[in-house]
Amino acid sequence: MTKTLRLIHGLTISKRNFQNKSSIYALDNSQRSLHNKTMVLKKRFVVLFKEVGRHDIGLVGGKGANLGEMFRSNFPVPDGFIVTSPAYFAFLKENNLAKTIKHLLGETRFDSSESLAKVSSCVQEEIKKAPMSDELVSEIYKAYRALGGVFADALVAVRSSATAEDLPTASFAGQQDTYLNVRGESNLLLKIKEAWASLFTPRAMFYRHEQHFDHFRVGIAIPVQKMVESEKSGVMFTIDPITNDKTKIVIEAIYGLGEFIVQGTVTPDHYEVSKKDLSILNKATSIQTILLKRSGRENKTVRLSKKAGAQQKITDKQVQEIARLGKKLEEHYYFPQDVEWAIEKNKIYIVQTRPVTTVNIHTKKEATLSGKKVVLLKGQPASPGIKAGSAKVIKSAKEIHKIMEGDVLVAPQTNPDFVPAMKKAVAIVTDSGGRTSHAAIVSRELGIPAVVGTTDATHLLKNGMLITVNGTVGEVYKGSIVTNKSSSFEESRTPLVYTKTKVYVNLAEPELADAVAKKHVDGVGLLRAEFMMAGIGIHPKKLIREGKKKIFIETMAHQITTFCKAFFPHPVVYRTSDLKTNEYRNLVGGRDYEPVESNPMLGYRGAFRYVNDPDVFELELEAIKIVRNKNGLKNLWVMLPFVRNVKELIGVKKLISQAGLYRSDTFKLWMMVEIPANVILLEKFIRVGIDGISIGSNDLTMLITGTDRDNSEVAREFNEQDEAVLWALEHAVKTAKQYKITSSLCGQAASQYPRLVEKLVGWGITSVSVSPDAIDHTRSFIAECEKQTK
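Residues numbered from 1 in each chain as written. Predicted model: local features only at pLDDT ≥ 70, side-chain atom pairs only at ≥ 80, totals over all residues. Heavy atoms only, no water.

Quick rundown of the sheet that holds strand β12 (residues 280-284)? Include the residues and the values.
Reading across from one edge, β12-β11-β10-β9-β15-β16 is the order of the 6 strands in this open sheet, with antiparallel pairing throughout. In this open sheet, the two edge strands, each paired with only one partner strand, are β12 and β16 (347-355). Within this sheet the neighbouring strands show an average axis-to-axis angle of 20°, counted without direction. Judged from the 8 bridges that link them, strand β15 (residues 337-344) and β16 form a sheet pairing that is antiparallel. Each residue of the ladder has a partner; that of Ala 342, found in β16, is Tyr 349. Sitting on the sheet, helix α12 (residues 316-333) is in contact with β9 (232-237), β10 (248-255), β11 (269-274), β12, β15 and β16, with an inclination near 35° to β16. (Pairing = 2+ DSSP bridges. Helix = DSSP H or I, 4+ residues; strand = E, 2+ residues; numbered from the N terminus. Axes fitted to C-alpha atoms, helices over the stretch in contact; angles between N-to-C directions. Contact = heavy atoms within 4.5 Å.)

Could you give an account of the nonpolar core, naming the residues involved and the relevant values?
Counting residues in hydrophobic clusters, the biggest one holds 85 residues, and the most contacted among them are Met 556, Phe 567, Tyr 574, Leu 640, Ile 656 and Leu 729. Residue contributions to this core peak at 9 residues, all from helix α19 (residues 549-567). Non-local contacts of Tyr 574, meaning those with residues more than four positions away in its chain, are made with Leu 527, Ala 529, Met 532, Met 556, Ile 560, Glu 620, Ile 624, Leu 636, Trp 637, Val 638 and Met 639. Of all hydrophobic cores here, the second largest spans 47 residues; its members include Phe 110, Ala 130, Ile 192 and Phe 200. (Core = buried A, V, L, I, M, F, W, Y, C linked by side-chain atoms within 4.5 Å. Buried < 20%, exposed > 50% of the residue type's maximum accessible area, 1.4 Å probe, protein only.)

With reference to specific residues and values, describe the confidence of the model for the protein chain.
Low pLDDT means the predicted coordinates in that region are not meant to be read closely. Confidence in the prediction for the protein chain averages 84 pLDDT; 88% of positions are at 70 or higher. For residues 1-39, every residue scores under 50 in pLDDT, and the model assigns this stretch 26 contacts once sequence neighbours within four places are set aside. pLDDT under 50 marks residues 165-173. Its contacts with residues more than four places away, or in other chains, come to 27 contacts. (pLDDT = per-residue confidence, 0-100.)

Tell me about the pattern of salt bridges, residues and numbers included.
Summed over the entire model, instances satisfying the criterion amount to 31 salt bridges. A salt bridge links Asp 338 to Arg 354; its shortest N-O distance comes to 3.3 Å. Of this pair, Asp 338 sits in strand β15 while Arg 354 sits in strand β16; the two residues are 16 residues apart in sequence, bridging distant segments of the chain. Look at Asp 338 and you get buried, because its relative accessible area is 6%. With a closest N to O distance of 2.9 Å, Arg 779 and Asp 522 form a salt bridge. Of the two residues, Arg 779 sits in helix α30 (residues 775-789) while Asp 522 sits in the loop between α16 (513-517) and β28 (524-528), which places them 257 residues apart along the sequence. Overall, Arg 779 belongs to the buried group, its relative accessible area being 3%. Assessed through its relative accessible area of 16%, Asp 522 is described here as buried. When salt bridges with common partners are traced through the structure, they connect Lys 248, Glu 272 and Arg 435 into a single cluster. (Salt bridge = Lys/Arg side-chain N within 4 Å of Asp/Glu carboxyl O.)

Pulling in residues and values, what's your account of the environment of Glu 475?
Counting through the fold element by element, Glu 475 comes out in strand β25 (residues 475-478). By relative accessible area, Glu 475 is classed as buried at 15%. Excluding its chain neighbours within four sequence positions, the residues that come into contact with Glu 475 are Lys 373, Val 375, Leu 377, Lys 378, Val 451, Thr 468, Val 469 and Asn 470. Looking at Glu 475, its side chain comes within polar contact range of the side chain of Tyr 477, at 2.6 Å. (Polar contact = N/O pair within 3.5 Å; in protein donor to acceptor, adjacent residues only side chain to side chain.)

How would you explain the pairing of β25 if you had to name every residue and give the values?
Relative to β25, strand β18 (residues 375-378) runs antiparallel, the two being bridged by 3 bridges. Across the sheet, the residue bridging to Lys 378 is Glu 475, located in β25. Note: strand β24 (residues 466-470) against β25, 4 bridges, orientation antiparallel. Counted as the bridge partner of Val 469 is Val 476 from β25. The hairpin turn running from β24 into β25, its antiparallel successor, is 4 residues long, and Gly 474 in that turn takes a positive phi close to 85°.

Before we move on, could you go through the packing of aromatic side chains and cite the residues and values that matter?
Pairs of aromatic rings are described using the distance from one ring centre to the other and the angle between the two planes. For the structure on display, the rule yields 8 aromatic pairs. Taking the centre distance of 6.2 Å and the plane angle of 55° together, the rings of Tyr 88 and Trp 196 count as tilted. Placement of the pair is Tyr 88 in helix α4 (residues 85-94) and Trp 196 in helix α8 (residues 185-197), with a sequence separation of 108 residues. As far as the burial class goes, Tyr 88 and Trp 196 line up, both buried. Ring geometry for Phe 91 versus Trp 196: centroids 4.6 Å apart, planes at 35°, classification tilted. A residue pair is termed long-range when its members are at least 10 positions apart, and Phe 91 in helix α4 and Trp 196 in helix α8 qualify at 105 residues. (Phe/Tyr/Trp six-rings, centres within 6.5 Å; stacked < 30°, edge-to-face > 60°.)

Run through helix α7 (residues 134-148), naming residues and quoting values.
The end-to-end C-alpha separation of α7 is 21 Å, in line with the 21 Å expected for 15 residues at 1.5 Å each. Along α7, the residues classified as buried are Leu 136, Val 137, Ile 140, Ala 143, Tyr 144 and Leu 147. Projection of α7 onto a plane perpendicular to its axis shows the buried side chains occupying an angular sector of 135°, all on one side. Those residues of α7 that are exposed and aimed more than 90 degrees away from the buried face are Asp 134, Lys 142 and Ala 146. (Expected span 1.5 Å × (residues − 1). Arc of directions from axis to C-beta.)

Which residues make up unusual backbone geometry, and what values go with them?
Cis peptide bonds are those with omega within 30 degrees of zero, and the linkage from Phe 568 to Pro 569 qualifies with 5°. You can see Pro 569 is positioned in the loop between α19 and β29 (572-575). In this structure, Asn 96 takes a positive phi of about 50° despite not being glycine. Looking at the element boundaries, Asn 96 is found in the loop between α4 and α5 (97-105). By relative accessible area, Asn 96 is classed as exposed at 53%. The backbone phi angle of Lys 345 is positive, close to 50°, even though this residue is not glycine. Note on placement: Lys 345 falls in the loop between β15 and β16.

Break down the packing of α5 against helix α6 (residues 113-129) for me, with residues and values.
The contact between α5 and α6 brings their axes to 10 Å, and the two run at 175°. Our classification of the angle between α5 and α6 gives roughly antiparallel. Along its contact with α5, which presents Leu 97, Thr 100, Ile 101, Leu 104 and Leu 105, the element α6 presents Val 119, Cys 122, Val 123, Glu 126 and Ile 127. Here the residues of the contact of α5 with α6 sort into 8 nonpolar, 1 polar and 1 charged. (Parallel < 35°, antiparallel > 145°, perpendicular 65-115°, else oblique. Nonpolar A, V, L, I, M, F, W, Y, C, P; charged D, E, K, R; others polar.)

Could you give an account of the sheet that holds strand β19 (residues 380-383), with specific residues and numbers?
Across the sheet, 8 strands lie side by side as β18-β25-β24-β20-β21-β22-β23-β19; this open sheet has mixed pairing. Of all the strands in the sheet, just β18 and β19 have a single pairing partner and so form its edges. Strand-to-strand, the axes of this sheet are offset by a mean angle of 30°, without reference to chain direction. The pairing of strand β20 (residues 386-393) with β24 spans 5 bridges and is classified as antiparallel. Among the inter-strand pairings, Ala 388 is bridged to a residue of β24, identified as Thr 468. Where helix α14 (residues 438-446) meets the sheet, its contacts fall on β19, β22 (427-430) and β23 (450-452), and the angle it forms with β19 comes to roughly 45°.

Let's hear about the packing of helix α22 (residues 615-630) against helix α23 (residues 646-658): which residues, and what values?
At a minimum axis separation of 10 Å, α22 and α23 run at an interaxial angle of 45°. The angle between α22 and α23 places the two elements in the oblique class. Regarding α22 and α23, the two cross each other, and that crossing is right-handed. Here Phe 617, Glu 618 and Leu 621 of α22 come into contact with α23, specifically with Val 652, Leu 655 and Ile 656. (Left-handed = near helix turned anticlockwise from the far one by under 90°.)

Shown next, in the form of structure tokens:
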């Protein structure tokens, strides 16, 4: 029997022919047929499961390709068809949507959940209201009728399959939406358009931005699949997702539809099976209190009795049969699989498979525990590691803005909308969910500890409580009892990238200083005074009046010292206070000292305030002297905000000199460039005597374009890549270079717009300053830009 060799594109050639040089490059008739068939498929808007396979990702996305591959390979997959990604792109073109969407995306501030939500809503509405072509509608109807027959409308699930969603190099699968219990032609068309629109949900847009995917190079296909009315459902990993033990298959199961297990709404049963002989090695039954089931065209939540919910969800025989399918899938794909399964009338179905994205991801040294362990909570170990941090309890994705770098995120469960906050967190703790829930999978992808299924974490843990999360054993302890702390800002395991252009970080919270300083960063390019002053909570003028100015000076000195110690000998650029009057008024006693202004952004702030009433600025200078002179931390520099004219700069420099602080090799004076006048008259500002500039792209863009980015009526016009703004950036950077002073950019633009960074490096910028989570990818991109400019 002739042995065959499989090629990656799915063609087969005989071993005998392979050894014949003359036939290496020749396709036989069957291969030509397959090649021609592939070319034909690429032009079609609707294809059947049986017509596609794993090599058709570009046409039907990862999910669609896997469904077709499994169906053709005789795995128990419910039948269906796929509306291809060419259909989506044709729909955009026919309705001229690309131009509209690009314009809206250009206005998005990806660091703002409000901006993401607003742009997302606009884009989705544009997609949903646009009509489909008659040709596409006809093809969809034909395929749908074939599923249900002439006289019956099939009940289907409308899924989404982005062309970059389930590839081995991508993560965070499930960024787009799925619609269940869809029946009828008109409903089907509506849900297909909603699925297309879900390519532009806030979480999907954020994901592509973070991964540096071009929004218009990512297509979306829509698998339409016969519904399995699951009596039981679950998830299977053909490798232990916690330990990466390849000899085990891990299965988790619940009653009802599978959404509750993926979302982590309920805590599932847990089974571990030997991959070698399919013997059950371990099983743990959980108490399930609710299940999700179909009711008409909707799903409804049904309560379970304690007795029913405590029973083993699937039989041992079913555990082994599911494991057998998992083993077969892994052998078929030659890679560990993450599989979703369902049981209807005792028949097992596979509804999705994708490669496990976390194999071999945990290679860092784990922290250890010291001191007495006071166990607050126990749950399931979902992602290994030990981290300590401040608990932050949030009940829904609407509260993710409350999560700060270094917090422990505590929630009932998580979904894809939580991802931006999860990327900031040092660890995750949830009330419900298992080791295959969203919280567990994403935590493993991020490499942070997670404990899930604790039952009442959101009730027992309070905001600000210091806790230690042990994701390896599934326990949460009181206090910080970690040694060899491997914080959430651990250095990358890949070789360090070095750049001529320095990469600084923007910081405000002293408790993050030690953790961020361990990253591959060149210092602090923007240390904001405002957050520290807000922490004191009392207006400085009130403290001065009450003879308590020492409190302000010592508190500020202590907090600045924390940063300077952590980053020593790298520079810490302290931007002196720039609270606007409305912000100052919120401090205790603030209403006694601050006027009410109609436009505080252009009001009593910055350098003018220092010169007009120097009392508070002089307190800051005293704090700076303590840090530099008493504490010996000469890496502290100063940056002046909102300097309207050259006269103000001269006046502020005089105050600094009178305080006994003088520019030197170890004491640099920078000026923020955030007003058009700073750009236009930059040469005159430089001649007065400054060592560097830092461009505040947010304020500069607003003032150049006359656009308030916080005003919803005009926010869409805010664009940091506007032609006038780019001219200003280029002029500022090149002027600084001409006069041999340093130049930096401290707005979010440096981490959001790679093409802008490319321009800045080309013009000769000496540094950028970004948020902690953007340090590594910004440096990597700068390194590529520097190679190109050599």
